[in-house]
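Next come the chains, spelled out residue by residue.
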Amino acid sequence: FMINRERAVDFLRKQERLYVIDAYAGHDPEHRLKIRIVCSRAYHALFMSNMLIPVPEDELDQFVPDFVIYNAGSFPANRYVDGMTSACSVDLNL
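Anyway, here's the lowdown on the structure attached to this text. These numbers were taken from a predicted model, which means no experiment stands behind them. All residue numbers refer to position in the chain's written sequence, counted from 1. Local features are withheld for residues below a pLDDT of 70 in this predicted model, meaning they are given only at 70 or higher, and side-chain atom pairs are given and counted only at 80 or more; totals for whole chains, interfaces and linings count all residues. Hydrogens and water molecules were not included; the side-chain quantities draw on all heavy atoms of the structure.

This paragraph deals with the nonpolar core. For this analysis, a nonpolar core means a set of buried residues of the types Ala, Val, Leu, Ile, Met, Phe, Trp, Tyr and Cys, connected via side-chain atoms within 4.5 Å. Relative accessibility thresholds used throughout: buried, under 20% of the residue-type maximum; exposed, over 50%; partly exposed, between the two (1.4 Å probe, protein chains only). Within the largest apolar cluster, eight residues are counted, these being Ile21, Ala23, Ile35, Ile37, Cys39, Ala45, Met48 and Leu52. Each helix is a run of H or I in the DSSP string that is no shorter than four residues. Each strand is a run of E no shorter than two, and both are numbered from the N terminus. The set of elements that each furnish at least two residues to this core consists of β1 (19–25), β2 (33–39) and α2 (42–51). It is β2 that contributes the most residues to this core, three residues altogether. Dropping the residues within four chain positions of it, leucine 52 is found in contact with Ala23, Tyr24, Ala25, Ile35 and Ile37. We call two residues in contact whenever any of their non-hydrogen atoms come within 4.5 Å of each other.

Below you can see the structure in the form of C-alpha cells.
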C-alpha cells in the first residue's frame, strides 16, 4: 500500500494542474463521512462532485477529511512490486 500511495502522490505532485474536491458521503450529519479527492483529470473531479455532497463554503475552513482519495488513474502501478499483478491498482488503507 505505502509504495503505491507514495508513487501516486509523487505523480500528482508533478502535475501541472490538480483538482481537489472536499465533500460529504451521506446526508445525515451524524453518520456522514468527510472525503477529500485529489485528482489530475477534470472529469474525475466532476464525477466525484456529482456523486458526493459539496461542503458549504462557510464549513471549508474547519473541514478535516476522514478519508483522502488520491486518484492517479493515468499513472500505472509498478507490476514488479511484490503482490502487484497488473498496471491497474486500487489500494485501500482502512
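This paragraph deals with the pattern of salt bridges. Here, a salt bridge means any Lys or Arg side-chain nitrogen found within 4 Å of an Asp or Glu carboxyl oxygen. Applying the stated rule across the entire model yields three salt bridges. Glutamate 6 serves as the salt-bridge partner of arginine 5, at 2.6 Å between the closest nitrogen and oxygen. The class for arginine 5 is partly exposed, based on a relative accessible area of 28%. Taking the relative accessible area as the measure of exposure, glutamate 6 reaches 33% and is therefore partly exposed. For arginine 13, the salt bridge is made with aspartate 10, and the minimal N-O distance between the two is 3.3 Å. Within this pair, arginine 13 and its partner aspartate 10 are both found in helix α1 (residues 2–13), separated by three residues, close to a single helical turn. A residue is classified by how much of its surface remains accessible, and arginine 13, at 62% relative accessible area, is exposed. By relative accessible area, aspartate 10 is classed as partly exposed at 34%.

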